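Remarks on the overall topology
What follows is each chain in one-letter form.
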Amino acid sequence: VKVPKIISLIGGFVYLVSWFFLAYSSRNLWVLYSELNISYNPQLLLRAVNLVGFILVGLNFGYFFYLNYKDKKGSVVRHAEIISIALAAIPFFLYLIFSVIAFILPVYNITSNFWS
């Protein structure tokens, strides 16, 4: 059960770092929109990205602690490698695409408002 714990721990730290930087960037984008007084408000989309990132961090670290608990009890977790890879790797690409879209749409809206 050592490899799935390592995968879950690495996935948790990767999501934690990416979530931290996305939260910082979304805060800066909120400040930019409040200073420009544009009618479009990206807060809902950016909060959704931050919520998904928080959930992914919690799932990866939670699965790590679950595996650690089961390991201490001496229980065997079936398909632990597949589940840890599924929690760490598969959502990363979807989260990356979702976060890029969430940050490009407000910037696109700013530039389209200046050109019209």
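Details of the structure are given in the entry above.
Summary of the structure given here.

**A short note on the packing of aromatic side chains**
- Taken as a whole and judged by the stated rule, the model has 8 aromatic pairs.
- Ring geometry for Phe92 and Phe93: centres 5.9 Å apart, planes at 75°, overall edge-to-face.
- Here Phe93 falls in the exposed class, since its relative accessible area comes to 54%.
- Here the aromatic residues Tyr15, Phe92, Phe93 and Tyr95 are joined through ring pairs into a cluster of three or more.

**What to know about the pattern of salt bridges**
- According to the stated counting rule, one finds 1 salt bridge in the structure shown.
- Linking Asp71 and Lys5 is a salt bridge whose minimum nitrogen-to-oxygen distance equals 3.3 Å. Here the residue Asp71 occupies a position in helix H2 (residues 43-73), and Lys5 occupies one in helix H1 (residues 2-36), the gap between them amounting to 66 residues.
- Owing to a relative accessible area of 38%, Asp71 belongs among the partly exposed residues under this scheme.
- With a relative accessible area of 15%, Lys5 lands in the buried category.

Reading the values: the criteria
Residues numbered from 1 in each chain as written. Predicted model: local features only at pLDDT ≥ 70, side-chain atom pairs only at ≥ 80, totals over all residues. Heavy atoms only, no water. Phe/Tyr/Trp six-rings, centres within 6.5 Å; stacked < 30°, edge-to-face > 60°. Buried < 20%, exposed > 50% of the residue type's maximum accessible area, 1.4 Å probe, protein only. Salt bridge = Lys/Arg side-chain N within 4 Å of Asp/Glu carboxyl O. Helix = DSSP H or I, 4+ residues; strand = E, 2+ residues; numbered from the N terminus.

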